[in-house]
Amino acid sequence: MKISCTCLLVLLSSYLFAQNGTIKGRLTNEAGEPVELIHVMLKGTSKGTVSSASGEFSLTDVAADKHQLVVSGVGYTTVERRITLTPGETLSLSINLQENTQQLQTVEITGRRETTYKNDISFIASKTATPLKEIPQAISYVTKEVLRDQGAFTMGDAVKNMSGVNQFTFYDDLTIRGFRMNGGSTTQLFNGLRTFSGFWKQPPVNYLERVEVIKGAASALYGNSSPGGTINRVTKKPLTTNQKSLMFTTGSFNTMRLLADFTGPMNENKTLLYRLNIGYVNAQSFRNLQFDKNIIIAPSVSFLPTDKTRINFDLVYNNSNSRLDRGQSVKGNDLYSSPISTALSAVNDYLKEETYLITTSLNHQFTANTSVNLAYLRTGYSQDLLEHRSSNVNAVDSAGNAIDNLVGRQVFVRQSKSYMDNVSVFLNHTFTTGQAEHKLLVGYDYIQNVTPKGSGQQTASGYLLKTGAAAAYNAKRPDLYQFYNYTINGVTRSIPKPNVSHYDLTQQNNLLEDPSKYIYSAASNSATIPTFYALHGLYVQEQLKLDRLQLLLGLRYDTYIDKKAYTTTTESSVTQHALLPRIGAVYSVTKNINVYGTYTKGYNPQDATVQSDPTSGGPFDPIRSSLTEFGLKTEWLDGRLTANAAVYDITQSNTLYSANAADNPNLMMQIGQERAKGVELDVTGNILPNWNLIVTYSYNDAKITDAGVRVADQTFLNLQKPNAPSHQGSFWTKYTFIKPSLKGLGVGLGSNFVTERNLSLNNTQTIPAYVLLNAAVYYRIEKFQFQVNLNNLANKTYWVGGYDYLRLFPGAPRNYMATVSYTF
């Protein structure tokens, strides 16, 4: 009886199962590539699944009936398909999904799909995922693939691939379209949020997905910013497929790098993803006594609980141990009188820096048309510094005349900390009115930057008095100072004795010094004075599309609060307001060609520390700027190659420059107006699938057009702005052979040129033009790749920037880097 019942149940279940069926299929995008993590559900039932990495899905034990199949995922238009399933049938489907940029994540949560030099989507210009060709403003970028092929490790390596971007010094310090922007300005972006760096060292790029620059002021979305452009560093985000890579590099200057990049899902449903980038760098330099030891840890975790909610956490931690390099000094006006290795450091100098950036972001879609984004970034930075550096002048003799082979030195002992918080929340809503498509964005930013009490600096400088104190040398009272005998070329003379020993450009005296013997005084500057500023920003933006025409309209209202005399009994708030409009238009001439125009305004408040310094010459008015730009954005070779052009006109008023007053180094002057006009060309992409190309060129006429009312300021009139070349350009190409006999072999070749530049603190001194040639060879065997990068093949002597001839910043001589990488 039991056996009969069992058989009956088996037969019944087999019969019932035969009445059901299976639905399976494969999802692809417009390029025919598989699409993963897309939800596939039967409407009105609990049946559902998620597509795999191959784009495949399967729904089993589905009742034989008519069903409504719903396919949905962030970044793609929802597909609903009516199907009929017969008993026992296995229904196979092939569904092509259309990308919908209106539904794409507006804060980057998961990793970039592309693995080429070309990037199609950017968030920086509109805070929405917008195709680059539809943005009415020039944007330059460098992807991680370019950085890998060029063996790049720092921001300076990356920006040479961008039109209109040049190094001001070899710190985290750039000019964009002739306007300076550096890491200490608190206007850089990190994943689209405001941040800063320690300035002295260029940030590493091993954990970055790409580096972007939006050209012109970005004030309408991000508040006060440089009128030339804004840098955005975008970190690598988790991927839904398991990928791991290890990379070891060694080469010139005793360089050793070990980099690791791991990513993939943390659970079976792929709703929890991770990425971990680790870097260790130990490198010396072509510069005397200079070195860098870096530890970088950069984890990223993404949580995708539903297809409507995405959460991301990023941490970048960088511990750096190095020396602070203040640049090369030369004798008089002879650039070649000292080797480019010349540095003024002492053996026991040090710079210890610790930086962390913590980002948390949430993207939630209420409906297919409405989403909210909340993001928070915390930046922390600390430094511990001992340096022997130039005092920015030559040593003097008893009459006060400069001795050109002796550079006066001073010592800084400094400890400081700074913190920055940025909270950003904005709402996106898309809708249509007739034939017009609208994308409305409304948002609020809060930014806070604090240098708390507790930072400090001791400075040793000047000449020794007979009383045992130290002071600046007064040639009218030599009787007050101690003297010593200095001999050069067999000639001995008595000169004032310095508090800190001079640096002899002839003897190159980099010694182990005793800092305890110096006479110190407390020093106050922007790195140590307690400061606080807060920025409240309200903004609205409309992107309207009507057939071939797209308009971008934006307006932002900022309230900037700077606390003067912060943490003192006389603390007070200085409040400034700014209303910042932006208007842009894009017109699609053909499928491949867009033309655009834009106008935007920007501002930068003057720092309260400078405003309150009685020796600076203030108070000063805020900096104001405007941008007018027209351009062309095109795509060729089935979208593999982009070619863009821009013509721009930027004006800025009220900029502060050093007055170069020998008796008052803090004295500033406010220039009436600066103007930069220029042309930029950028070509990026693939000529063939195995042939990559980048070509850039820029012409920039950046001058002071109104030097104000003071006669002394007129010497700056119509001078090209400091460290801003009139012409610059670059190209880089990589070709991978596809013939069987050369399988796995690739070659790279590149060059960049920069024309003559003026220096920033001496308007009569310049640094010459240069052309560099670089090359690379690659060989891949299965999961291994061997790579050699050869830089500055002609061994050209050149300078990337400078303040004057006592603080020049030379570029590296001929060098090589050899890399072995393993991907698994």
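Residues numbered from 1 in each chain as written. Predicted model: local features only at pLDDT ≥ 70, side-chain atom pairs only at ≥ 80, totals over all residues. Heavy atoms only, no water.

1. Some words on the overall build of the protein chain
Our working definition: To qualify as a helix, a DSSP run of H or I must reach at least 4 residues; to qualify as a strand, a run of E must reach at least 2; elements of each kind are numbered from the N terminus. Radius of gyration here uses only the C-alpha atoms, and the compact-globule reference equals 2.2 Å multiplied by the residue count raised to the power 0.38. Whether a residue is buried, partly exposed or exposed follows from its accessible area with a 1.4 Å probe, protein chains only, as a fraction of its type maximum: under 20%, in between, or over 50%, in that order. We call two residues contacting when some pair of their heavy atoms lies within 4.5 Å.
Looking only at helices and strands, the protein chain features 5 helices and 50 strands. What you see for the protein chain is a C-alpha radius of gyration of 30 Å, in line with the 28 Å of a compact globule of 824 residues. Each principal axis of the C-alpha distribution contributes one length, and for the protein chain these read about 120 × 55 × 55 Å. For the protein chain, the proportion of its 824 residues judged to be buried stands at 53%. Expressed as a percentage of contacts within the protein chain between residues at least 6 apart in sequence, the contacts between residues at least 24 apart total 65%.

2. A few points about the side chain of arginine 556
Inclusion rule: The term polar contact refers here to a pair of N or O atoms within 3.5 Å; inside protein, the definition further demands a hydrogen-donor-capable atom paired with an acceptor-capable atom, and it admits residues adjacent in sequence only when both atoms are side-chain atoms.
Relative to the elements of secondary structure, arginine 556 occurs in strand β35 (residues 549–564). Within the local environment of arginine 556, its side chain forms a polar contact with the backbone oxygen of leucine 221, the two atoms lying 2.7 Å apart. A polar contact is formed between the side chain of arginine 556 and the side chain of aspartate 558, at a distance of 2.6 Å.

3. What to know about the sheet that holds strand β7 (residues 90–96)
Operational definition: Here, any two strands with at least 2 DSSP bridges between them count as paired. To obtain each axis, a line is fitted to C-alpha atoms, and for helices this fit is confined to the stretch in contact; angles are then taken between N-to-C directions over 0 to 180 degrees.
The strand order across the open sheet built from 3 strands is β4-β1-β7, with neighbouring strands paired in mixed fashion. Among the strands making up the open sheet, the edge pair consists of β4 (56–63) and β7. Here the average twist between neighbouring strands, direction ignored, is 20°. Bridge count for strand β1 (residues 20–28) against β7 is 7 bridges, and the pairing is parallel. When the bridges of β7 are listed, threonine 28 appears paired with asparagine 96.

4. Describing the packing of aromatic side chains
Inclusion rule: When the centres of two rings from Phe, Tyr and Trp lie within 6.5 Å, Trp using its six-membered ring, the rings pair. Their planes under 30 degrees apart give stacked, over 60 give edge-to-face, and anything left gives tilted. Here, a charge over a ring means that NZ of Lys or CZ of Arg falls within 6 Å of the ring centre while also lying within 35 degrees of the ring normal.
According to the stated counting rule, one finds 20 aromatic pairs in the structure shown. Taken together, a centroid distance of 5.3 Å and an interplanar angle of 70° make the contact between tyrosine 171 and phenylalanine 809 edge-to-face. Linking tyrosine 171 in the loop between β11 (165–167) and β12 (173–176) with phenylalanine 809 in strand β49 (residues 807–810), this pair joins segments that are 638 residues apart in sequence. Each member of the pair tyrosine 171 and phenylalanine 809 is classed as buried. Here the aromatic residues Phe168, Phe170, Tyr171, Phe199, Trp200, Tyr803 and Phe809 are joined through ring pairs into a cluster of three or more. Here lysine 352 stacks its cationic end above the ring of tyrosine 350, 5.2 Å away from the centre of that ring. The residue whose ring lies beneath lysine 734 is tyrosine 778, and the NZ or CZ to ring-centre distance is 4.4 Å.

5. Let's talk about the nonpolar core
Rules: What we call a nonpolar core is a set of buried Ala, Val, Leu, Ile, Met, Phe, Trp, Tyr and Cys residues that are connected through their side-chain atoms within 4.5 Å.
Met162, Tyr207, Val211 and Ile231 are the most contacted members of the largest nonpolar core, which totals 35 residues. Aside from chain neighbours lying at most four places away, what touches tyrosine 207 is Phe190, Arg233, Thr235, Lys236, Asn277, Ile296, Ala298 and Val316. Counting 26 residues, the second-largest nonpolar core is a separate cluster that includes Tyr171, Ile447, Tyr560 and Tyr798.

6. A closer look at the environment of isoleucine 214
Mapped onto the elements of the fold, isoleucine 214 is located in strand β16 (residues 208–215). Here the alpha-carbon distance between isoleucine 214 and glycine 400, two residues 186 residues apart in the chain, equals 48 Å. For isoleucine 214, the contacting residues outside a window of four places in its chain are Ile124, Ala125, Gln137, Ala138, Ile139, Gly229, Thr230 and Arg582.

7. So, unusual backbone geometry
It is generally the case that most residues other than glycine have a negative phi and that most peptide bonds are trans. Positive phi, close to 55°, is recorded for asparagine 489, a residue that is not glycine. Note that asparagine 489 resides in the loop between β30 (483–488) and β31 (491–496). Phi at asparagine 723 is positive, roughly 50°, even though this residue is not glycine. As for its position among the elements, asparagine 723 is in the loop between β41 (691–706) and β42 (727–736). Overall, the relative accessible area of 0% leaves asparagine 723 in the buried class.

8. Overview of the sheet that holds strand β10 (residues 139–143)
Spatially, 5 strands are ordered β10-β16-β17-β14-β15 in an open sheet, and the strand pairing comes out mixed. Each edge of the open sheet is held by one strand with a lone partner, namely β10 and β15 (193–195). On average, each strand axis in the sheet is tilted by 25° relative to the strand beside it, whichever way the strands run.

9. Quick word on a nonpolar patch on the surface
To keep it simple, the criterion reads: What goes into a patch is any residue over 30% in relative accessible area without a salt bridge, connected to like charges within 9 Å or, for nonpolar side chains (Val, Leu, Ile, Met, Phe, Trp, Tyr), within 5 Å. To measure how exposed things are, a 1.4 Å probe is used in the Shrake-Rupley method; for residues, cover is taken only from the protein chains shown. Whenever a carboxyl oxygen of Asp or Glu lies within 4 Å of a side-chain nitrogen of Lys or Arg, that contact is scored as a salt bridge.
Together, Leu549, Leu551, Leu553, Ile583, Tyr587, Val589, Val595, Tyr599 and Leu632 make up an exposed nonpolar region whose accessible area comes to about 660 Å². Of all the elements in the fold, those that place two or more residues in the nonpolar patch are β35, β36 (572–588) and β37 (593–604). Broken down by element, the nonpolar patch gets its largest block of residues, 3 residues, from β35. Mapped onto the elements, leucine 553 comes out in strand β35.

10. Here's the deal with the pairing of β49
Every second residue of β49 is oriented toward a common face, with Arg807 and Phe809 on one face and Leu808 and Pro810 on the other, all of them buried. The turn joining strand β48 (residues 799–804) and β49, which pair antiparallel and follow one another in sequence, is formed by 2 residues.

11. Notes on the pattern of salt bridges
Per the counting criterion, the structure on display carries 32 salt bridges. The residue glutamate 80 makes a salt bridge to lysine 43 at a minimum N-O spacing of 3.8 Å. In this pair, glutamate 80 sits in strand β6 (residues 76–84) while lysine 43 sits in the loop between β2 (39–42) and β3 (48–50), placing the two residues 37 residues apart along the sequence. Glutamate 80 sits in the partly exposed class, given a relative accessible area of 44%. Put simply, Lys118, Asp120, Lys133 and Glu635 are held in one network by salt bridges that share partners.

12. Observations concerning the environment of glutamate 145
For glutamate 145, the position within the fold is in helix α2 (residues 144–149). Here glutamate 145 falls in the buried class, since its relative accessible area comes to 3%. The spacing of glutamate 145 and asparagine 509 is 364 residues in sequence and 43 Å in space, taken between C-alpha atoms.

13. Some details on the confidence of the model for the protein chain
Cut-off, in case you're wondering: Each residue carries a pLDDT score, the predictor's own confidence in it, on a scale running from 0 to 100.
Here the protein chain averages 90 in pLDDT, and 93% of its residues register 70 or above. Within the protein chain, no element has a lower average pLDDT than helix α1 (residues 2–18), which sits at 48, and none a higher one than strand β28 (residues 463–464), at 98. Low pLDDT, under 50, characterises residues 8–17; the predicted model gives this stretch 1 contact beyond four residues in sequence or across chains. This model gives residues 101–107 a pLDDT under 50, and the stretch forms 35 contacts once residues within four places in sequence are excluded.

14. A few points about the side chain of glutamine 328
Take glutamine 328: it is sitting in the loop between β22 (309–322) and β23 (350–365). Residue classification places glutamine 328 among the buried residues on the basis of a relative accessible area of 0%. A polar contact of 3.4 Å, which involves the side chain of glutamine 328, links it to the backbone oxygen of proline 339. Looking at glutamine 328, its side chain comes within polar contact range of the side chain of tryptophan 799, at 2.8 Å. With sequence-adjacent residues up to four places away left out, glutamine 328 is seen in contact with Arg287, Leu335, Ser338, Pro339, Ile340, Thr342, Trp799, Tyr805, Leu806, Arg807, Leu808 and Pro810.

15. With respect to the pairing of β2
Because side chains alternate across β2, one face comprises the buried residues Val40 and Leu42, and the other comprises His39 and Met41, none of which is buried. Judged from the 3 bridges that link them, β2 and β3 form a sheet pairing that is antiparallel. Bridge assignment links histidine 39 to a residue of β3, and that residue is valine 50. Between β2 and β3, which pair antiparallel and follow one another directly, the connecting turn spans 5 residues, one of which, glycine 44, has a positive phi of 85°. Pairing geometry for β2 and strand β5 (residues 66–73), over 4 bridges, is antiparallel. Note on β5: the bridge partner recorded for leucine 42 is leucine 69.

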